[in-house]
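Residue-level listing of the chains:
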Number of protein chains: 2
Amino acid sequence: MKKIIGILGGMGPAATADMFQKFIQLTPATKDQEHIPLLISSIPDIPDRSTALLKNGESPLPAMQDYVGRLVNGGAQCIVIACNTAHYWYKDLQATCPVPILSMIETAADAALNSGLKNIGILATNATLATGLYKQEIEKRGLTYIEPDSSEQQQVMESIYTLKAGDLATAQKMMQAQKEALFAKGAQAIILGCTEVPILLAQEAKAEPRRYIDATLVLVKRAVKWYFEK
Amino acid sequence: MKKIIGILGGMGPAATADMFQKFIQLTPATKDQEHIPLLISSIPDIPDRSTALLKNGESPLPAMQDYVGRLVNGGAQCIVIACNTAHYWYKDLQATCPVPILSMIETAADAALNSGLKNIGILATNATLATGLYKQEIEKRGLTYIEPDSSEQQQVMESIYTLKAGDLATAQKMMQAQKEALFAKGAQAIILGCTEVPILLAQEAKAEPRRYIDATLVLVKRAVKWYFEK
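Residues numbered from 1 in each chain as written. Chains lettered and ligands numbered in written order. Predicted model: local features only at pLDDT ≥ 70, side-chain atom pairs only at ≥ 80, totals over all residues. Heavy atoms only, no water.

The name recorded for chain A in an unreviewed UniProt entry is Amino acid racemase, from Pelistega suis. Of the comments in the UniProt record for chain A, the one headed Sequence similarities (unreviewed entry) reads "Belongs to the aspartate/glutamate racemases family." (UniProt positions renumbered as here; feature names shortened; annotations may be inferred.)

Printed below as a string of structure tokens:
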């Protein structure tokens, strides 16, 4: 049976498209047929993850389980989730999914450890911060975790939702100020820990790859590696 | 039941990602949940369409039927195909597909008619030209069809396969020369009739939208319209 990777996306669609592009760019292919087989769910009616976690909103878990199920039924043999915050439900999703789900959070924390740098900043949603998803994984690896203070974090969130609403240029300016604030606090590298953030800081990450850990990019690298293993 | 659009892609993956981006850009959405639900097959092991048509190669039809079936099983209620040449098998695919497949070729020919221009050039694969896919639809609408001569067409093909192999910059230069040649032959507008071509002439199409009919773009517009119909 052929190896197909399923992308649970739609959270949001732009982040899903970014992950798709990264699969294409990171695959050593000289023709269509050498690219990695992907099935992509970009069904975006999944209840908002931040609202669920911070405002007791509807859980996104049933919808995510539904769409992962569709990918598996379609032949996916491995799943990646194009949303950091959604990883709060990672264990619940893996428990009902017959194929492996590669964790974006663990993969990004591993990349931070492998960077050789000690002070790791984070740009992510309020909900990702509140649940300690990255804090735990970073500190477990003996690294120092640095997050924005609360007024800065409000700007991070506003930037993310501005992108989701379609205004890339404004969102970019807001996020650029927040990565500067994290470096000023002593961060040596920053985890781009929300799938919208690598879209906003694409040029910076390209210019100084050592200072940015793009969680989407490192997860795609891991998935490509999974694909090419025997 | 919710409306989901299925994209039969992978022919190639870059063209599929381009179509996905166009869905995102053309949907009036202010948050994730307002975007159009998409299921995307980018399983690229579909036998090469041009080789099948011109060199008696393996037919891509069984693989395309397989992947359309996976999209329909996953809930797709309408299908779009991210490949012009693949439309040679449009009737065969529709015959075995229980939901409507929107034709990229007819949609692009309609857009040519609605442009009010008379002389319509075409940039497409050898196979799309050889099968007369666009010629028939253009002439049926009373328009004049203009294609590259054979040495020019060789450059068009080389450009498309150069992009599929990952070299965007070289492919762009080659395609720019060929659109100039078509305008010099009297074309008033050019159908970008291979899903790789809009990627190569993105800037030109943006600068002078009246002179370029992006088959991917007009199909996505039609699909968005289908989605928002009651």
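Looking at the sheet that holds strand S3 (residues 78-81) of chain A
Pairing is mixed in the open sheet, where eight strands are placed in the order S4(A)-S3(A)-S1(A)-S2(A)-S2(B)-S1(B)-S3(B)-S4(B). The open sheet is flanked by strand S4 (101-102) of chain A together with strand S4 (101-102) of chain B, the only strands paired with a single partner. (Pairing = 2+ DSSP bridges. Helix = DSSP H or I, 4+ residues; strand = E, 2+ residues; numbered from the N terminus.)

So, the relation of the copies chain B and chain A
Turning chain B through 180° and shifting it by 0.0 Å along the axis lays it on chain A, with an RMSD of 0.0 Å. Classification of the inter-copy transformation places it as that of a two-fold axis. When C-alpha distances to the rotation axis are compared across chain B, the minimum falls at Ile 40 of chain B, with a value of 2.4 Å. Comparing interface residues between copies, 100% of those in chain B also sit at the interface in chain A, which points to an isologous, same-surface contact. (Least-squares fit on C-alpha atoms with pLDDT ≥ 70 in both. Contact = heavy atoms within 4.5 Å.)

With respect to the interface of chain B and chain A
Contact residues are listed per partner, giving 38 residues for chain B and 38 residues for chain A. A buried area of about 2,900 Å², summed over both sides, lies between chain B and chain A, and 56% of it is on carbon and sulfur atoms. It is Phe 20, Asp 32 and Gln 33 of chain B in chain B that bury the most area against chain A; as a group they hold 21% of the surface buried on that side. One can count six salt bridges joining chain B with chain A. (Buried area = accessible area lost by both parts, 1.4 Å probe. Salt bridge = Lys/Arg side-chain N within 4 Å of Asp/Glu carboxyl O.)

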